[in-house]
Amino acid sequence: MPEYGEGSASYGAAGGLSGLQQLVKDFYDVMCNNPAYAVIRDMHPKDLTVSEDKLVCFLSGWLGGERLFAKKFGSISIPQVHAHLVIQEKERDMWLDCMQEALEKQPYSDGFKVYLLTQLKVPAERIRMACERRL
Ligand code: HEM
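Along each chain, numbering runs from 1 in the same order as the chain's sequence is written. Owing to the predicted nature of the model, reporting of local features is limited to residues with pLDDT of at least 70; listing and counting of side-chain atom pairs is limited to 80 or more, with chain, interface and lining totals taken over all residues. Note: side-chain values were computed over all heavy atoms of the structure, leaving out hydrogens and water.

Novice: Looking at this model, I keep getting lost on the coordination of the iron atom of the ligand. Mind explaining?
Specialist: Each pair of donors in an ideal four-coordinate tetrahedral metal site encloses 109.5 degrees, whereas pairs in an ideal six-coordinate octahedral site enclose 90 or 180 degrees. Its sole protein donor being H82 (NE2), the iron atom of the ligand sits 2.0 Å from that atom. To qualify as a helix, a DSSP run of H or I must reach at least 4 residues; to qualify as a strand, a run of E must reach at least 2; elements of each kind are numbered from the N terminus. Turning to its location among the elements, H82 is positioned in the loop between α6 (78–81) and α7 (89–104). Keep in mind that water is not among the atoms, so a site may look incomplete; donors are the N, O and S atoms within 2.8 Å of the metal, or 3.2 Å for Na, K and Ca.

In structure tokens, the structure reads:
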């Protein structure tokens, strides 16, 4: 796949901060509006404002943009912040399905959509594996 992993190429392809805000808004809208995703929606607080902001900030740094999560909230370990949740294959796939549906709504190239989803499978699977070790 092309050079999305280099420098801030992915951040640019995602439309910068406003692109990520739209992606994450659509992601949580998908999660909230489809009862098929109720299991993971209900893991979140009722008010999603902070969850949305944190995901935007994380993705910004993760994709090579400004490290907003570190700046606003400090350091983060993705498996650790999910350690209070039971996330098995079903929940992992729901999260990824919400992201895929949200990606489909974005004006990104097909190549970048595939790239981003493929990349997101890595931390999603790490979360699942960490959960499996605890159960
Ligand atoms: C594998 C499926 C996943 C599920 C079911 C899930 C679910 C959740 C839930 C319920 C919260 C809110 C926790 C709370 O407020 O108590 C959360 C927070 C968060 N998630 Fe996930 N998540 C998943 C995957 C991911 C992935 C792959 C990423 C990053 C690429 C991610 C990034 C975050 C971040 C940055 C937060 C905020 C953490 C904080 O409170 O500091 N999540 N997630």
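Now, onward.
Novice: Could you clarify how one ought to interpret the site of the ligand in this entry?
Specialist: Of all residues adjacent to the ligand, which total 20 residues, the nearest are H44, K54, H82, H84 and W95. The definition of a polar contact used here is a pair of N or O atoms within 3.5 Å, where within protein one atom must be able to donate a hydrogen and the other to accept one, and adjacent residues in sequence count solely through side-chain atom pairs. Separating an oxygen atom of the ligand from a side-chain N or O atom of K54 is a distance of 3.0 Å. The near set for a molecule or strand comprises every residue that places at least one heavy atom within 4 Å of it.

Novice: Even after reading the chapter, I still don't get the nonpolar core, so can you show me in this structure?
Specialist: The criterion is simple. A nonpolar core is a set of buried Ala, Val, Leu, Ile, Met, Phe, Trp, Tyr and Cys residues joined through side-chain atoms within 4.5 Å. Burial status follows relative accessibility: with a 1.4 Å probe on protein chains alone, a residue under 20% of its type maximum counts as buried, one over 50% as exposed, and anything between as partly exposed. Counting 38 residues, the largest nonpolar core has L20, L23 and F27 as the members making the most contacts within it. Contributing elements (two or more residues each) for this core: α2 (16–33), α4 (49–62), α5 (68–73), α7 and α8 (110–134).

Novice: Help me understand the environment of V39, please; the structure alone is not making it clear to me.
Specialist: Tracing the sequence through the fold places V39 in helix α3 (residues 38–41). As a C-alpha pair, V39 and G12 span 27 residues in sequence and 32 Å in three-dimensional space.

Novice: Sorry if this is basic, but what is going on with α4 here?
Specialist: Think of an α-helix as turning once every 3.6 residues; residues three or four places apart then point the same way. Here α4 spans 20 Å end to end across 14 residues, near enough to the 20 Å set by a 1.5 Å rise per residue. Every buried residue belonging to α4 is among S51, L55, V56, C57, F58, L59, S60 and G61, and all of these are buried. The inward-facing, buried residues of α4 contact α1 (9–13), α2, α5, α6, α7 and α8. One or two residues past the end of α4 sits G64, with phi positive at roughly 95°. For a helix, the expected span equals 1.5 Å multiplied by the number of residues minus one. In this analysis, two residues are considered to be in contact whenever any of their non-hydrogen atoms come within 4.5 Å of each other.

Novice: Looking at this structure, how should I read the state of the cysteines?
Specialist: Each disulfide is one covalent bond, formed between the sulfur atoms of two cysteines. Throughout, disulfides are identified as pairs of cysteine sulfur atoms within 2.5 Å of each other. Scanning all chains against the criterion turns up 0 disulfides. Not part of a disulfide, C57 finds its nearest cysteine sulfur in C32, a span of 19 Å. The exposure class of C57 is buried, given its relative accessible area of 2%. With no disulfide of its own, C131 has C98 as its nearest cysteine by sulfur position, at a separation of 18 Å.

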